[in-house]
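Listed here are the chains, written in short residue letters.
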Amino acid sequence: LGIWLAHATVMLFSESLAQLLAVCFGRFIIGMVAYIGISFVLFLHGGALVDVTNIVWPLQWVHFVDPWNLCLQAMVRFDFQHAIFQGFGDHGELCGPAPSLCLGRDGADVLDSVSFVLTGFTTGEQAWANVGRVAGLALALTAAQYAVVVRAR
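Described below are features of the structure shown in this document.

Cut-offs applied
- Residues numbered from 1 in each chain as written.
- Predicted model: local features only at pLDDT ≥ 70, side-chain atom pairs only at ≥ 80, totals over all residues.
- Heavy atoms only, no water.
- Core = buried A, V, L, I, M, F, W, Y, C linked by side-chain atoms within 4.5 Å.
- Buried < 20%, exposed > 50% of the residue type's maximum accessible area, 1.4 Å probe, protein only.
- Helix = DSSP H or I, 4+ residues; strand = E, 2+ residues; numbered from the N terminus.
- Arc of directions from axis to C-beta.
- Contact = heavy atoms within 4.5 Å.
- Patch = residues over 30% accessible without salt bridge, like charges linked within 9 Å, V, L, I, M, F, W, Y side chains within 5 Å.
- Areas by Shrake-Rupley, 256 points an atom, 1.4 Å probe, with all protein chains shown as cover.
- Salt bridge = Lys/Arg side-chain N within 4 Å of Asp/Glu carboxyl O.
- Phe/Tyr/Trp six-rings, centres within 6.5 Å; stacked < 30°, edge-to-face > 60°.
- Axes fitted to C-alpha atoms, helices over the stretch in contact; angles between N-to-C directions.
- Parallel < 35°, antiparallel > 145°, perpendicular 65-115°, else oblique.
- Left-handed = near helix turned anticlockwise from the far one by under 90°.
- Nonpolar A, V, L, I, M, F, W, Y, C, P; charged D, E, K, R; others polar.

### Side note on the nonpolar core
Ala6, Phe13, Ala74 and Phe78 are the most contacted members of the largest nonpolar core, which totals 16 residues. Mapped by element, the contributors of at least two residues to this core are α1 (2-24), α4 (67-80) and α6 (127-152). Top element by residues in this core is α1. It accounts for six residues.

### A few points about helix α5 (residues 107-114)
Within α5 the residues assigned to the buried category are Gly107, Val110 and Leu111. Mapping the buried residues of α5 onto a view down its axis gives an arc of 100 degrees, with all of them on the same face. Contacts made by the buried residues of α5 are with α4.

### A closer look at a nonpolar patch on the surface
Taken together, Phe25, Phe28, Ile29, Ile30, Met32, Val33 and Ile36 make up a surface patch of nonpolar side chains, about 670 Å² in accessible area. Relative to the elements of secondary structure, Ile29 occurs in helix α2 (residues 28-45).

### Quick look at the packing of aromatic side chains
Applying the stated rule across the entire model yields two aromatic pairs. Taking 5.3 Å as the distance between ring centres and 80 degrees as the angle between the ring planes, the aromatic pair formed by Phe13 and Trp68 counts as edge-to-face. Here Trp68 lies in helix α4 and Phe13 lies in helix α1, a separation of 55 residues in the sequence. Classification of Phe13 as buried rests on a relative accessible area of 4%. Overall, the relative accessible area of 23% leaves Trp68 in the partly exposed class. Between the aromatic rings of Phe78 and Trp128, the centroid separation amounts to 4.7 Å while the plane-to-plane angle is 55 degrees, which identifies the pairing as tilted.

### Considerations on the packing of α1 against α6
Following both chains from N to C, one finds α1 and α6 inclined at 25 degrees, their axes separated by 9 Å at the closest point. One element, α1, and the other, α6, form an angle in the roughly parallel class. For the pair α1 and α6, the crossing hand works out as left-handed. Class assignment of the residues belonging to the contact of α1 with α6 gives a composition of 19 nonpolar, six polar and no charged.

Here it is, written out as structure tokens:
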């Protein structure tokens, strides 16, 4: 359920942003270009591909307000939080030789192992809080769209 709600919330944000940009410009194609530009900046500085510490400090704030990244972190957390993985044993004794990927027995162990490389995915992530932040941002964009439409009349 959590994964579906996080996905629906990020889709609501995307739709709200697209609608706001469509009403802000006289031609919707300019709004579409702005949407693509905003999406690119959020994707690039979101922290999913590049570690946040490698982003120049004036742009690191984008990572903490990026709705796509916040919902991605929530979906990963929801997916792994109750998972138990076979082939690990109690202390890793069932893992294969060195090239095999053996990250942990349960979801928390796997998230801690993955967070060594992808620092945005940790067990301490507040998944529901992230979904709530994105929902609030989507509602704020919808309110801004309403204000622009009413003012344009």
